[in-house]
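# Results of the structural survey
Residue-level listing of the chains:
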Amino acid sequence: MVKRFQKEGGEMKCIHCQGEMKRGTTPFHVDRRGCHLTLDAVPAWVCEQCGEAYFEEKEVDAIQDLVEAIEQKNEALAVTA
Ligand SMILES: [Zn+2]
């Protein structure tokens, strides 16, 4: 679900168009069982040419922690028949 940024030999190039990657932010959206999380601006590497965004390891971890926490809390509110 989350694209990881791969540093190859220190080169910061977009895997789609070989464009230059710059530090910026990107919106992130995830859907989980009736729960929708939208982050307006997550720090990421963004391609200057095509706008493709890649997250670093720590950003991927933070997003996954957030999604897991939401899933757990959401379970407490789940309708059990
Ligand atoms: Zn690109």
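Right above here is the structure, for reference.
A short tour of the structure in this document, coming up.

### Here's the deal with the overall build of the protein chain
Helix and strand content of the protein chain: 1 helix and 3 strands. The secondary structure elements of the protein chain, listed N-terminal to C-terminal, are β-β-β-α. Counting only residues that meet the buried cut, the protein chain has 30% of its 81 residues in that class. Within the protein chain, contacts between residues separated by at least 24 positions form 56% of all contacts whose residues are at least 6 apart in sequence. Working note: accessible area of the protein chain is about 5,800 Å², and carbon and sulfur atoms make up 50% of it.

### Looking at the coordination of the zinc ion
Protein coordination of the zinc ion is provided by Cys 14 (SG), Cys 17 (SG), Cys 47 (SG) and Cys 50 (SG), with donor distances spanning 2.2 to 2.3 Å. For the zinc ion, the 4 donor atoms are set out with angles of 100 to 119° between them, so the coordination reads as tetrahedral. Sequence spacing among the residues donating to the zinc ion works out to C-x2-C-x29-C-x2-C. On the basis of relative accessible area, Cys 17 is assigned to the partly exposed category, the value being 29%.

### Things to note about the side chain of Glu 56
Here Glu 56 lies in the loop between strand E3 (53-54) and helix H1 (57-76). Residue Glu 56 is classed as buried on the basis of its relative accessible area of 16%. Within the structure, the side chain of Glu 56 is placed 2.6 Å from the side chain of Trp 45, a separation counted as a polar contact.

### Digging into unusual backbone geometry
Here the phi dihedral of Gln 18 falls at roughly 65°; this positive angle occurs in a residue that is not glycine. For Gln 18, the location among the structural elements is in the segment before strand E1 (21-32).

### With respect to the environment of Lys 13
Mapped onto the elements of the fold, Lys 13 is located in the segment before E1. Residue Lys 13 is classed as partly exposed on the basis of its relative accessible area of 36%. Distance in space between the C-alpha atoms of Lys 13 and Val 46 is 9.8 Å, their sequence separation being 33 residues. Aside from chain neighbours lying at most four places away, what touches Lys 13 is Gln 18, Gly 19 and Met 21.

### Here's the deal with the pairing of E1
In this sheet, strand E2 (residues 35-47) lies alongside E1 in antiparallel orientation, the contact comprising 11 bridges. When the sheet's bridge partners are listed, Phe 28 is paired in E2 with Leu 39.

Thresholds, definitions, all that
Residues numbered from 1 in each chain as written. Predicted model: local features only at pLDDT ≥ 70, side-chain atom pairs only at ≥ 80, totals over all residues. Heavy atoms only, no water. Helix = DSSP H or I, 4+ residues; strand = E, 2+ residues; numbered from the N terminus. Buried < 20%, exposed > 50% of the residue type's maximum accessible area, 1.4 Å probe, protein only. Contact = heavy atoms within 4.5 Å. Areas by Shrake-Rupley, 256 points an atom, 1.4 Å probe, with all protein chains shown as cover. Donors = N, O, S within 2.8 Å, 3.2 Å for Na, K, Ca; no water. Tetrahedral: all angles 85-135°; square planar, octahedral: opposite > 155°, others 65-115°. Polar contact = N/O pair within 3.5 Å; in protein donor to acceptor, adjacent residues only side chain to side chain. Pairing = 2+ DSSP bridges.

Spatial relationships are all this shows, so hold off on functional conclusions.
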